[in-house]
Amino acid sequence: MEAHWRGRGYTVPNAAVYPHQWLWDSCFHAVIWAHLGRPERAVAELRSALAHQHDDGFVPHMTYWEHPDMHAAFWGRPTTSTITQPPMYGHAIAELARRGVEVDSSLVRQAVAGLAFLVGPRRGDRELVPIVHPWESGCDDSPRWDRWAGSERSAQRWYERKGELVESLDLSPSGSALANPSFEVEAAGFNALVAFNAMELAAVGFHDQLPFAVEPLIDALDRRWDPLLATWLDDRDATPAPRTLEALLPVLVTGSIERVAAVMTELRDPDAFGGRCGPAQVHRGEPSFEPRAYWRGPAWPQLTYLFWVAAARHGRRDDAAWLARALRSGAERSGWAEYWDPDDGTGLGAVPQSWSALAAAVAPS
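The structure contained in this document is the topic of the report that follows.

Conventions used here
- Residues numbered from 1 in each chain as written.
- Predicted model: local features only at pLDDT ≥ 70, side-chain atom pairs only at ≥ 80, totals over all residues.
- Heavy atoms only, no water.
- Helix = DSSP H or I, 4+ residues; strand = E, 2+ residues; numbered from the N terminus.
- Areas by Shrake-Rupley, 256 points an atom, 1.4 Å probe, with all protein chains shown as cover.
- Expected span 1.5 Å × (residues − 1).
- Buried < 20%, exposed > 50% of the residue type's maximum accessible area, 1.4 Å probe, protein only.
- Arc of directions from axis to C-beta.
- Contact = heavy atoms within 4.5 Å.
- Phe/Tyr/Trp six-rings, centres within 6.5 Å; stacked < 30°, edge-to-face > 60°.
- Lys NZ or Arg CZ within 6 Å of the ring centre and 35° of its normal.
- Polar contact = N/O pair within 3.5 Å; in protein donor to acceptor, adjacent residues only side chain to side chain.
- Axes fitted to C-alpha atoms, helices over the stretch in contact; angles between N-to-C directions.
- Parallel < 35°, antiparallel > 145°, perpendicular 65-115°, else oblique.
- Left-handed = near helix turned anticlockwise from the far one by under 90°.
- Nonpolar A, V, L, I, M, F, W, Y, C, P; charged D, E, K, R; others polar.

This part is about the overall build of the chain. Counting its regular elements, the chain contains 11 helices and 10 strands. Across its three principal axes, the chain shows a C-alpha extent of roughly 50 × 50 × 40 Å. A total accessible area of about 13,800 Å² is found for the chain, and carbon and sulfur atoms account for 50% of it.

So this is what it looks like as structure tokens:
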């Protein structure tokens, strides 16, 4: 974390591969800094992540602090991207508050505004909030998006396709991504994180500041539970997407004891998602499962962390202990990698990657 810290007040995920600032990475970094006893860095991380928030509340997912013109042609503007990412700033602020760190009211207002943009202008009259680009999910190459990749799903062609999906964004006058006629998905995982982050702010005393009710989102998610597949669906009427780990994130907000139990069983089952070093990102029964391919089956530390949070909040101590052990084992075995093989912890992607230090934030088993 020290090696990745930058004087502008943020942590780069990896100095060589990811030398810029990413939104949900920085929110996890804030949690890590708080647990490492550096609250001033945690607050600075959130301030920098929200520094280019639009007046309507939209928060860009990337900031090019050191090279503002880098990829300006790709995004159509300098300094920041035109899409967002899961709004983990609510959880980060709540974690700071729980540790007795005084969070400036302006930062809380920014977090509230970011969530309000998603639930308001972005959602419109829909049941749930749509993501308008695969990158907004945080799970970039998840099999859930394969039907948008086209018949030739090579890494290069898929990257080009995602560039085309940037070009088809509908932007507000200020550049906030509102819609996309070529890609709109009411992703269960993303909506779970919207609801969860709002609930987190409410849990630490900021409920009066939220200009929307969270319950309708949770109710809409619960209507999308498929008991046969033991997962939540993005679209109740479409052919179910491949079973992936992020679609189980509504376990963070559901009130159903039965669904919580079903999810925890899936997470630990070695024939489903279970792995010695954390849950695999794709169900092992899916044809798309590849344990060492980017977003096709490896264990991801930020997802394991979120399921640890869910298990702890639901009082499932054994499941929380198992997830904590798996996260720590994977982080150490992988050399603190971006992601890793769920069975043996072989490090994959960028090594080291700062969010793997979430292993320091989970309670000892």
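Next up on the list: helix 9 (residues 257-268). Over its 12 residues, helix 9 runs 17 Å from end to end, which matches the ideal 16 Å to within 8%, given 1.5 Å per residue. For helix 9, every residue scored as buried is listed here: V260, V263, M264, E266 and L267. Considered in projection along helix 9, the buried side chains sweep an arc of 160 degrees and stay on one side of the axis. Set apart from the buried face of helix 9 by more than 90 degrees, the exposed residues are I257 and E258. Next to the buried residues of helix 9 lie strand 7 (225-226), strand 8 (231-232), helix 10 (301-313) and helix 11 (317-334).

Using the criterion set out here, one finds 23 aromatic pairs in the structure. Considering the side-chain rings of F28 and Y305, the 6.2 Å spacing of their centres and the 90 degrees angle between planes classify their relative orientation as edge-to-face. Placement of the pair is F28 in helix 1 (residues 23-35) and Y305 in helix 10, with a sequence separation of 277 residues. When sorted by exposure, F28 lands in the same class as Y305, which is buried. By the ring-pair criterion, three or more aromatic residues cluster together here, those being W24, F28, Y294, W295, W300, Y305, W308, Y339 and W355. Lying across the ring of W33, R41 places its NZ or CZ 4.9 Å from the centre.

Right, let's get into the side chain of S142. Along the chain, S142 turns up in the loop between helix 5 (105-122) and helix 6 (155-167). In this structure the side chain of S142 is engaged in a polar contact, spanning 2.7 Å, whose partner is the side chain of E246. When residues no more than four places from it in sequence are discounted, the contact partners of S142 are T244, E246, Q281, W295 and R296.

Turning our attention to the packing of helix 1 against helix 2 (residues 39-49). Orientation of helix 1 relative to helix 2, taken along the N-to-C sense of each, is 165 degrees, at an axis distance of 7 Å. If you check the angle between helix 1 and helix 2, you find them roughly antiparallel. Classified by chirality, the crossing of helix 2 by helix 1 is left-handed. Counted together, L23, S26, C27, H29, A30, W33 and A34 of helix 1 and P39, R41, A42, E45, L46 and A49 of helix 2 form the full contact between these two elements. By residue class, the composition of the contact of helix 1 with helix 2 is 9 nonpolar, 2 polar and 2 charged.

Mapped onto the elements, T231 comes out in strand 8. Setting aside chain neighbours within four positions, we find T231 in contact with R224, W225, D226, R243, A247 and L248.

Okay, the packing of helix 5 against helix 7 (residues 188-206) next. The axes of two packed helices give the description: the angle between them and the distance between them. Close contact between helix 5 and helix 7 brings their axes to 11 Å; oriented N to C, the two are set at 145 degrees. With respect to the hand of their crossing, helix 5 and helix 7 are arranged in left-handed fashion. Together, V108, A111, V112, L115, L118 and V119 of helix 5 and F190, V194, N197, A198, L201 and F206 of helix 7 make up the contact between the two elements. Here the residues of the contact of helix 5 with helix 7 are counted per class, giving 11 nonpolar, 1 polar and no charged.

For the rest of this paragraph, the subject is helix 10. Over its 13 residues, helix 10 runs 18 Å from end to end, which matches the ideal 18 Å to within 8%, given 1.5 Å per residue. Counting buried residues in helix 10 gives 11 out of 13 residues, a clear majority hidden from the surface. When helix 10 is considered as a whole, its buried residues turn out to be P301, Q302, L303, T304, Y305, L306, F307, W308, V309, A310 and A311. For helix 10, the secondary structure elements touched by its buried residues are helix 1, helix 4 (89-98), helix 7, helix 9, helix 11 and strand 9 (339-340). Two residues or fewer past helix 10, G315 is found with a positive phi of approximately 75 degrees.

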